[in-house]
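Each chain is listed here by its residues.
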Amino acid sequence: MKFYIKLFLFLFAFSPIFALAAGKGLHKIVIDAGHGGSDAGAGGKFSHEKDLTLAISLRLGALIERNLKNVEVIYTRTTDIYPSLKERHRIANQANADLFISIHINSSRGTTERIFQGYKTIKKKKKRVQVPVYKVIHHHETTASGTEVQILGLHRAGQKATAMTSNTDNVEEEVGMLDVNDPQTAIIIAQYLQAFQGNSVLLGTYIQQEFSTQGRTDRGVKQMGLEVLAGSAMPGVLVECGFINNPSEEEYMNSEVGLDEIARAIFNGVRAYKAEIEKN
Ligand SMILES: [Zn+2]
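This structure is a prediction, so every number in the text was calculated from the model and none was measured.

Draft legend 1. Highlighting the coordination of the zinc ion. Protein coordination at the zinc ion: the donors are His35 (NE2), Glu49 (OE) and His104 (ND1), at 2.1 to 2.2 Å from the metal. Mapping the donors of the zinc ion onto the primary sequence yields the spacing H-x13-E-x54-H. A residue pair is termed long-range when its members are at least 10 positions apart, and Glu49 in helix α3 (residues 49–67) and His104 in strand β3 (residues 99–106) qualify at 55 residues. Overall, the relative accessible area of 4% leaves Glu49 in the buried class.

Draft legend 2. How the structure looks around α3. Taking 1.5 Å per residue as the helical rise, α3 with its 19 residues ought to reach 27 Å, and the 27 Å between its terminal C-alpha atoms agrees with that figure. Buried within α3 we find Glu49, Lys50, Leu52, Thr53, Leu54, Ile56, Ser57, Leu60, Gly61, Leu63 and Ile64. Looking at the buried positions of α3, the neighbouring elements they touch are β1 (28–33), β2 (72–75), β3, β8 (236–243), α9 (247–253) and α10 (256–277).

Draft legend 3. Local environment of unusual backbone geometry. For His35, which is not a glycine, the phi torsion comes out positive at approximately 60°. Residue His35 is classed as buried on the basis of its relative accessible area, which comes to 18%. A positive phi angle, close to 55°, is found at Asn96, a residue other than glycine. Among the secondary structure elements, Asn96 is positioned in the loop between α4 (85–94) and β3.

Conventions we followed
Residues numbered from 1 in each chain as written. Predicted model: local features only at pLDDT ≥ 70, side-chain atom pairs only at ≥ 80, totals over all residues. Heavy atoms only, no water. Donors = N, O, S within 2.8 Å, 3.2 Å for Na, K, Ca; no water. Helix = DSSP H or I, 4+ residues; strand = E, 2+ residues; numbered from the N terminus. Buried < 20%, exposed > 50% of the residue type's maximum accessible area, 1.4 Å probe, protein only. Expected span 1.5 Å × (residues − 1). Contact = heavy atoms within 4.5 Å.

Written out as C-alpha cells, the structure reads:
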C-alpha cells in the first residue's frame, strides 16, 4: 500500500504531464460559436441563438487577438454554417489548442396558463353534465435570467480520455506513446484529466465573476455531461450568455452594448485565467 502511494507521489511530482498541465500556458484558443446554419438553436421573439453565438464569438476573438500577445484564436465557424460536433472536435484537436470555449445562449421552458372560461354541457353516459372550460395559453417567455458556465462532468471523463489518446499530438510529445492499458499511463491520464477539470473550473469561475461584476445574475459553474466538450483533448468551458426567451435579456443580447459586454466578460475571464496558469 505504502509503495503505491510513494509511486503515485513520485509519478505526480516528476511526471512531465504535471509540468505540462501546470506550465504549458495559453497559446491557442478555440472559440466555438454554438449551432449555425440549419441548426438555429434556441429562439426568442425576434432572434436566434446561432446569430448571437457567432456575434459574441467574433467579438471575443477580436478582443483576444488585440490584447493577448502570442495567443492564436481558432474559430470553429466564422459564418452561418453548421459544423458537426465531431468536426468542431477535429478542429480543436488538430490545432493542438490549449483551451476550448463554446458560446451558447440559454432558453428555459415557458409556462402554461389555464384561464377559466365558464362551463359547457356535454353528454356523458346519456346524462347531461356540466364541465369547466379553460383557455390554455403557452407562454414561451421566461423570467429566468443570467449566465452560467458549464464544464465537463467527471462521468464523461472516459470519452475525454479516448479523445486524448486518439488525438495525442498534445500529449505524446511530452510523454511519448500512450498506451491506455499501461497502468502508469492510466495514472498520467487521470492526472491530466484532473488538471483539465481544475483549469476548466478556474476559467469558469473567473468568467462568472466578470459577469457578476457587470450586474448579471450568477447561475454558477456547473458540471454537465456535455457532448460538445467531451471530444476535445484540452480544458474547456461552455458559456451560456443569457436567456433568449427572457424578453429583456433577448433585447440586451441583441444590442451592441450587450454583445460587447458579454464578450468583454469572457475575455477578462480568459485573461485572468492565462495570468494564473502562467504564474510560475
Ligand atoms: Zn445552444
